[in-house]
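If you want the building blocks of each chain, they are given just below.
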Amino acid sequence: LLGVTPFPAIVLDGNGRILYANRTAQEILQERDGIEQHFDRFKLQRPEDEIRFLTLLGNSGAATNTDTDASILRIERPSGRRAYAVTVFRAPGQDALHPLWVVFISDTSERMTLRPRWIEAMFDVTRGEARVLALVSEGMSAEDVGANLRIATATVRVHLRNVYRKLKINRQSDLVATILKAIMPMYACDTAQGGRDDVGNAPGSSACEAA
């Protein structure tokens with residue numbers, strides 16, 4: 001599934017060693033613009049970012065909820081382009097003492113292809129909430145989401161509060177991780193069946209979505 005997700009995706013072991021990186025992730029690693037592969041390890045170029053990341057991996061055994069524990073790191077880029085938003089969460093079903101980590105990298109200067117119709121269908125949220133969540137999952141701030149959708153930032157925050165309540169989630173990082181993990185199978189189905197690359201104004205009719 002990570003091979004077809006629109007997000008650059010990487011799987012790491014508990015020591016930060018790269019076990020898998022999809023094609024778009026490999027391209028980012030090769031650019032070495034704030035993020036790189038150092039031998040076989042995932043590395044953030046700024047020392048302060050690397051310390052935060054290693055601290056996150058080092059604390060892997062402390063949390064108990066392996067399905068939702070997540071963090072978002074904003075990674076500044078030496079090129080001067082807008083920061084990456086890196087979402088890191090533990091792969092579900094793993095041994096808490098020897099976890100695997102999933103890393104999604106969002107380029108906040110570019111739009112991804114996350115479809116609001118998937119979010120609306122899977123989480124029982126409104127169309128407006130789904131549109132907000134799609135952009136938040138791509139690494140946008142509330143202000144950027146408001147500008148993109150031409151709505152007030154306060155309205156964006158209201159949508160987010162409503163979703164937190166519905167999904168019983170308290171942190172944005174956990175919200176993003178929950179959405180990304182849930183839509184990966186949807187994206188795989190849609191890709192396999194030749195789904196439209198739309199913005200999600202109408203639900204598709206594939207058997208995958210009906211399942």
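Just above, that's the structure.
Note that the coordinates shown come from a computational prediction; the quantities given were computed from them, not determined experimentally.

### Looking at the pairing of strand E2 (residues 18-21)
Two strands pair when backbone bridges link them, and strand E1 (residues 9-12) and E2 are joined in this way by three bridges, in the antiparallel orientation. Bridging across to E2, isoleucine 10 finds its partner in alanine 21. The hairpin turn running from E1 into E2, its antiparallel successor, is five residues long, and glycine 16 in that turn takes a positive phi close to 85 degrees.

### Concerning the pattern of salt bridges
Under the criterion given, the structure shown has 14 salt bridges. The salt bridge involving glutamate 129 is made with lysine 166; its shortest N-O contact spans 2.8 Å. Separated by 37 residues along the polypeptide, glutamate 129 in helix H4 (residues 127-137) and lysine 166 in helix H6 (residues 153-167) bring together distant segments of the chain. Owing to a relative accessible area of 33%, lysine 166 belongs among the partly exposed residues under this scheme. As a salt-bridge pair, arginine 171 and aspartate 174 come within 3.1 Å of each other at their nearest N and O atoms. Aspartate 174 gets classed as buried once you look at its relative accessible area, which sits at 11%. In the salt-bridge network here, residues are joined through shared partners; they are Asp33, Arg77, Arg81 and Asp107.

### Section: the nonpolar core
Grouped together as the largest cluster of nonpolar side chains are 30 residues, with contacts concentrated most on Phe104, Ile119, Val132, Leu133, Val145, Leu160 and Leu175. Residue assignment for this core shows that the elements contributing at least two residues are strand E7 (101-107), helix H3 (116-123), H4, helix H5 (142-149), H6 and helix H7 (172-192). Ignoring any residue separated from it by four or fewer positions in sequence, one finds leucine 133 in contact with Ile119, Leu160, Val163, Leu175 and Ile179. Of all hydrophobic cores here, the second largest spans 21 residues; its members include Leu44, Phe53, Leu57 and Val86.

### Side note on the side chain of threonine 87
Mapped onto the secondary structure, threonine 87 falls in strand E6 (residues 84-90). Judged by its relative accessible area of 3%, threonine 87 is buried. Not counting residues within four places of it along the chain, the set of residues in contact with threonine 87 comprises Ser71, Ile72, Val102, Val103, Phe104, Val176, Ala177 and Leu180.

### Some words on unusual backbone geometry
For aspartate 124, which is not glycine, the phi torsion reads 55 degrees and is therefore positive. Unlike most non-glycine residues, lysine 168 shows phi in positive territory, near 55 degrees. Exposure remark for lysine 168: the relative accessible area of 72% places this residue in the exposed category.

### Quick look at the environment of glutamine 37
Relative to the assigned elements, glutamine 37 resides in strand E3 (residues 35-38). Spatially, the C-alpha atoms of glutamine 37 and isoleucine 18 are 8.2 Å apart, while their sequence positions differ by 19 residues. Within the structure, the side chain of glutamine 37 is placed 2.9 Å from the backbone oxygen of phenylalanine 39, a separation counted as a polar contact.

### Notes on helix H1 (residues 23-31)
Here H1 has its buried residues at Ala25, Ile28 and Leu29. Each buried residue of H1 lies within a common arc of 100 degrees when the element is viewed along its axis, so the set occupies one face. Opposite the buried face of H1, by more than 90 degrees, sit the exposed residues Arg23 and Gln30. Trailing H1 by a residue or two, arginine 32 shows a phi angle of about 55 degrees, which is positive.

Conventions used here
Residues numbered from 1 in each chain as written. Predicted model: local features only at pLDDT ≥ 70, side-chain atom pairs only at ≥ 80, totals over all residues. Heavy atoms only, no water. Pairing = 2+ DSSP bridges. Helix = DSSP H or I, 4+ residues; strand = E, 2+ residues; numbered from the N terminus. Salt bridge = Lys/Arg side-chain N within 4 Å of Asp/Glu carboxyl O. Buried < 20%, exposed > 50% of the residue type's maximum accessible area, 1.4 Å probe, protein only. Core = buried A, V, L, I, M, F, W, Y, C linked by side-chain atoms within 4.5 Å. Contact = heavy atoms within 4.5 Å. Polar contact = N/O pair within 3.5 Å; in protein donor to acceptor, adjacent residues only side chain to side chain. Arc of directions from axis to C-beta.

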